[in-house]
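The primary structure of each chain is shown beneath.
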Amino acid sequence: MENKTTMTNTQAAAGTTNVRGELTYEDKVIQKIIGIALENIDGLLTVDGGFFSNIKDKLVNSDDVTAGINTEVGKKQVAVDMDIVAEYGKDIEKIYDEMKGLIIEEVKKMTHLDVVEVNVNVVDIKTRAEYQDESETVQDKVSNAAESTGKFASRQTDKARNAMESEPRVQ
């Protein structure tokens, strides 16, 4: 009869306590956790560092969920600072409380770090319609202009080609 040794997860984990090492997190990892967690908060239009810090997103379509989120990550604790744009007519304090709760919960669940501070600065308030109108990026506008220019140039080329074809090429 074969003799088998089975270790439980607890026993296996206990065996790793003699192995030295350290688990650390880059700021961008914590920022990404926060950015994704905040995506569906009602009344939060955007986490935004203002025009100059967000110029990259105005020039290039970007899905960078970390934009406007600043973190200070230690070995056991995290502090968070961010600027937001809130939706007009919504309870901003309720939005803040919901943000804080989600940030604490998600960071703790994924990293076991304690969030010790969440500072939110409301930099603007807009209606949803205003926000959506302003969300069109410069890249979108340039693309639309290039498409219109391309169609115009194509029509002009067709006109020139038709004019040349109607005249004899060799006389």
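One can find the structure itself at the top, above this paragraph.
Residues numbered from 1 in each chain as written. Predicted model: local features only at pLDDT ≥ 70, side-chain atom pairs only at ≥ 80, totals over all residues. Heavy atoms only, no water.

A.B. asks: If you had to explain the environment of L44 to someone new, which residues and values would you point to?
C.D. replies: With respect to the helices, strands and loops of the structure, L44 is situated in strand β1 (residues 44-47). On the basis of relative accessibility, which here comes to 9%, the residue L44 falls in the buried class. Along the backbone, L44 and I84 are 40 residues apart, and their C-alpha atoms lie at a distance of 7.3 Å. (Helix = DSSP H or I, 4+ residues; strand = E, 2+ residues; numbered from the N terminus. Buried < 20%, exposed > 50% of the residue type's maximum accessible area, 1.4 Å probe, protein only.)

A.B. asks: Pulling in residues and values, what's your account of the pairing of strand β2 (residues 69-73)?
C.D. replies: Where β2 meets strand β3 (residues 77-87), five bridges bridge the pair, whose relative direction is antiparallel. Its bridge partner being in β3, T71 is matched across the sheet by V80. The antiparallel hairpin formed by β2 and β3 contains three residues in its connecting segment. (Pairing = 2+ DSSP bridges.)

A.B. asks: I'd like to hear about the packing of helix α2 (residues 27-37) against helix α4 (residues 92-111), residue by residue, with values.
C.D. replies: Where α2 meets α4, the axes come as close as 9 Å, and the angle between the chain directions of the two elements is 130°. The angle between α2 and α4 places the two elements in the oblique class. Of the two possible hands of crossing, α2 and α4 adopt the one that is right-handed. Touching I30, I33, I34 and A37 of α2 are L102, I103, E106, V107, M110 and T111, all from α4. For the contact of α2 with α4, the class distribution of residues is eight nonpolar, one polar and one charged. (Axes fitted to C-alpha atoms, helices over the stretch in contact; angles between N-to-C directions. Parallel < 35°, antiparallel > 145°, perpendicular 65-115°, else oblique. Left-handed = near helix turned anticlockwise from the far one by under 90°. Contact = heavy atoms within 4.5 Å. Nonpolar A, V, L, I, M, F, W, Y, C, P; charged D, E, K, R; others polar.)

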